[in-house]
Amino acid sequence: PVFEASLALRRRYWSHDETCVLSVKTNIAGCLSKLGRHDEAIVLRREIFARYVAIRGVSDENALICGLNLAASLQTLELWDDSTTLLRDQLVPTAQRSLGAEHNVTLTLNKNLAHVLVGNPENTRDDLVEAKTIMQDVVKRRRRVF
């Protein structure tokens, strides 16, 4: 109720700033997810990601973070193929181009891709090898950067 009231206020007084409204919606999606209402959360996360991409483009850091949240929700619902496709084909390459390979968001996206590849019950040996390679790269970069 608190976030819904905040959303109503932001829509009323700051309707011109859509990112402000999306920020509150992101908080609501997080709450829904923590309450176990994953189906509702994923619908909202898809909407948020689509709006951020429409407003700022997929290479915007906030859009990439929203995509990361969406991928995590897909993984929670065990929608492995959707999560893998989103991360591998759209988010990771875009993050590497726009933020750089050593940016925290890029490293987190890579780590999540590795987790999805390992977590998928239908994974292949190639998926596991790819996940291992990704994680080794992430660990090496994190040690160097952080």
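Quick summary incoming for the structure in this document. Because the structure is predicted, anything quoted here is derived from the model rather than measured. All residue numbers refer to position in the chain's written sequence, counted from 1. Where local features are concerned, this predicted model is filtered to residues with pLDDT of at least 70; where side-chain atom pairs are given and counted, the filter is 80 or more; whole-chain, interface and lining totals use all residues. Neither water nor hydrogens contribute to the side-chain values; these are computed over all heavy atoms in the structure.

## Things to note about the pattern of salt bridges
Step number 1: In what follows, salt bridge is the name for a side-chain nitrogen of Lys or Arg lying within 4 Å of a carboxyl oxygen of Asp or Glu. Tallied over the entire structure, the rule returns 7 salt bridges.
Step number 2: For E130, the salt bridge goes to R88, with nearest N and O atoms at 2.8 Å. Here E130 is found in helix α7 (residues 125-145), whereas its partner R88 is found in helix α5 (residues 80-98), with 42 residues between them in sequence.
Step number 3: Only protein chains enter the accessibility calculation, which uses a 1.4 Å probe. A residue is then buried if its area is under 20% of the maximum for its type, exposed if over 50%, and partly exposed in between. What makes E130 partly exposed here is its relative accessible area of 26%.
Step number 4: By relative accessible area, R88 is classed as partly exposed at 32%.
Step number 5: A salt bridge links E102 to R141, with the nearest nitrogen and oxygen atoms 3.6 Å apart. You can see E102 sitting in the loop between α5 and α6 (104-119) and its partner R141 sitting in helix α7, a full 39 residues away along the chain.
Step number 6: What you see here is one network of salt bridges that share partners, running through E102, D137, R141 and R144. For the purposes of this entry, the term helix denotes a DSSP run of H or I that reaches at least four residues, the term strand denotes a run of E that reaches at least two, and both are numbered from the N terminus.

## Considering the packing of helix α4 (residues 61-76) against α6
Step number 1: At a closest axis distance of 11 Å, the pairing of α4 and α6 adopts a crossing angle of 15°. The angle between the axes of α4 and α6 places the two elements in the roughly parallel class. α6 is crossed by α4, and the crossing has left-handed handedness. Along the contact surface, α4 presents E61, L64, I65, L68 and Q75, while α6 presents V105, T108, L109, N112, H115 and V116.
Step number 2: Residues are grouped as follows: Ala, Val, Leu, Ile, Met, Phe, Trp, Tyr, Cys and Pro are nonpolar; Asp, Glu, Lys and Arg are charged; every other residue, Gly included, is polar. Here the residues of the contact of α4 with α6 sort into 6 nonpolar, 4 polar and 1 charged. Each axis is a line fitted through C-alpha atoms, taken for helices only over the stretch in contact, and angles between the N-to-C directions span 0 to 180 degrees. The scheme is simple: roughly parallel for angles under 35 degrees, roughly antiparallel for over 145, roughly perpendicular for 65 to 115, oblique for anything else. For a crossing to be left-handed, the near helix must be turned anticlockwise from the far one by less than a right angle; the clockwise case is right-handed. Contact between two residues is taken to exist if any of their heavy atoms lie within 4.5 Å; hydrogens are not considered.

## A closer look at the environment of L99
Step number 1: Mapped onto the elements, L99 comes out in the loop between α5 and α6.
Step number 2: Separated by 35 residues in sequence, L99 and L64 have C-alpha atoms that sit 9.9 Å apart.
Step number 3: The contacts of L99, once residues within four sequence positions are left out, are E61, L64, T94, V105 and T106.

## Regarding α4
Step number 1: Here, expected helix span is obtained from the residue count minus one, scaled by 1.5 Å. Across its 16 residues, α4 extends 23 Å between first and last C-alpha, which sits within 8% of the 22 Å expected from 1.5 Å per residue.
Step number 2: Buried within α4 we find A63, L64, C66, G67, L68, L70, A71, S73 and L74.
Step number 3: For α4, the secondary structure elements touched by its buried residues are α2 (18-34), α3 (38-56), α5 and α6.

## Brief notes about the environment of L109
Step number 1: Mapped onto the elements of the fold, L109 is located in helix α6.
Step number 2: Among the residues examined, L109 registers a relative accessible area of 0% and is labelled buried.
Step number 3: Once the C-alpha coordinates of L109 and G36 are considered, the two residues, 73 residues apart in sequence, prove to be 23 Å apart.
Step number 4: The contact partners of L109, leaving out residues within four places of it in the chain, are L64, L68, L87, L91, V92 and A95.

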